[in-house]
Amino acid sequence: MGLAGLGLTARSAATLFPGVFRAPSYFTEPWVAAGAIALVILVAAYAVKLLKHPEAVRADFTDPSLVGFCGALPVGMTLVAGGLGPYAPGPASALWWAGCALLAAFQVWGICRLLAGAMELARLNAGWFILMVGGIVVPGPGVALGHAEASHFFFGFSASVAPVLAGLIVYRAAVAAPLPEALRPTWFILLVPPSLMYANGLALYPELQPLENLYFLAVILAGALLVYARGFLRWPFAPSWWAFTFPLDALAYAGVRYAQDHPSPLWRAIAAAALVLATFFVALVLVRTLRSAASPRA
């Protein structure tokens, strides 16, 4: 999600920063390609995990602290589809539909898990946004691929769920124990709902200008999260660090969209800063992931 999301965001910035980005070009397409390669590798790796460790896969879909992250696969599929769209529209559409179908199935399962009850509040985390609110992501590539009606469907469900889930997550943050340091990057997922409900919401409903208020929420929230995470380099590196990446991509995407509609130096500067920040974190987490994968294990 973080890799392909950065490529798609940079593509959208091509008209805002002419001469810096071109779509497709030297900066945008390597990230899109990296996202596609990562998707292939991770799907293959998960297939091996399913065959060799079925109990671990079962835990992924039953442990309340893990279920939300299952949405990363289908949402990532739709983003990679958006990246492939200019080159292979047919296969890209097929991949987008497959991701949407898988997301819908996982969302039904997630609702069933919530209704089953007996979930400790402390085990609820922002990862649930990926699963239940992931539908606000799919209109970005979906509209470009010509699937506006289906995009309305997924956006509508997830945008309706977002305020309820946000309330639960904020309540958990206020009253439950702090997250372990390794999971603290997941708080950045809070940036995704206001950022993409604004940017993709306007793509679907151009007349709803009040959606711009959500972008202002995302900017203030980003400031708070950056202060909260000011010592992040001391946090133990873990796969959860990828939670820094796509939310910052989403913030940058929203910033680009706002600056395109409000062409002033201030909003262009904010969009540029958000894009630089997203690029920094995606590159940092990618390098640390590759370094971790290459290091010998005891």
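Here's what I pulled together on the structure shown here. (Residues numbered from 1 in each chain as written. Predicted model: local features only at pLDDT ≥ 70, side-chain atom pairs only at ≥ 80, totals over all residues. Heavy atoms only, no water.)

**Comments concerning the overall build of the chain**
- In terms of helices and strands, the chain carries 13 helices and 0 strands.
- Each helix and strand of the chain, ordered N terminal to C terminal, gives the series α-α-α-α-α-α-α-α-α-α-α-α-α.
- Over its C-alpha trace the chain gives a radius of gyration of 18 Å, about what one expects of a compact globule, namely 19 Å for 298 residues.
- The 298 residues of the chain split such that 48% are buried.
- Working note: accessible area of the chain is about 13,800 Å², and carbon and sulfur atoms make up 73% of it. (Helix = DSSP H or I, 4+ residues; strand = E, 2+ residues; numbered from the N terminus. Rg over C-alpha atoms; globule rule 2.2 N^0.38 Å. Buried < 20%, exposed > 50% of the residue type's maximum accessible area, 1.4 Å probe, protein only. Areas by Shrake-Rupley, 256 points an atom, 1.4 Å probe, with all protein chains shown as cover.)

**Quick look at the nonpolar core**
- Grouped together as the largest cluster of nonpolar side chains are 86 residues, with contacts concentrated most on Phe129, Ile136, Tyr198, Phe232 and Phe244.
- The contact partners of Tyr198, leaving out residues within four places of it in the chain, are Pro193, Leu211, Glu212, Leu214, Tyr215, Ala254, Arg257, Tyr258 and Asp261. (Core = buried A, V, L, I, M, F, W, Y, C linked by side-chain atoms within 4.5 Å. Contact = heavy atoms within 4.5 Å.)

**Section: helix 13 (residues 265-294)**
- The end-to-end C-alpha distance of helix 13 is 43 Å, a good match for the 44 Å that 30 residues give at a rise of 1.5 Å each.
- Along helix 13, the positions that sit buried rather than exposed are Trp267, Ala271, Ala274, Leu275, Ala278, Thr279, Phe281, Val282, Leu284 and Val285.
- Elements that come into contact with the buried residues of helix 13 comprise helix 1 (2-12), helix 2 (28-52), helix 11 (212-228) and helix 12 (245-261). (Expected span 1.5 Å × (residues − 1).)

**A word on the environment of Tyr205**
- You can see Tyr205 is positioned in the loop between helix 10 (192-204) and helix 11.
- For Tyr205, a relative accessible area of 25% translates into the label partly exposed.
- Residues contacting Tyr205, with those up to four places away along its chain left out, are His152 and Phe155.

**Comments concerning the side chain of Ser195**
- Along the chain, Ser195 falls in helix 10.
- The buried category is assigned to Ser195, whose relative accessible area is 0%.
- Other than its neighbours up to four places away in sequence, Ser195 contacts Ala218, Ala250, Leu251 and Ala254.

That is the geometry; function is a separate question.
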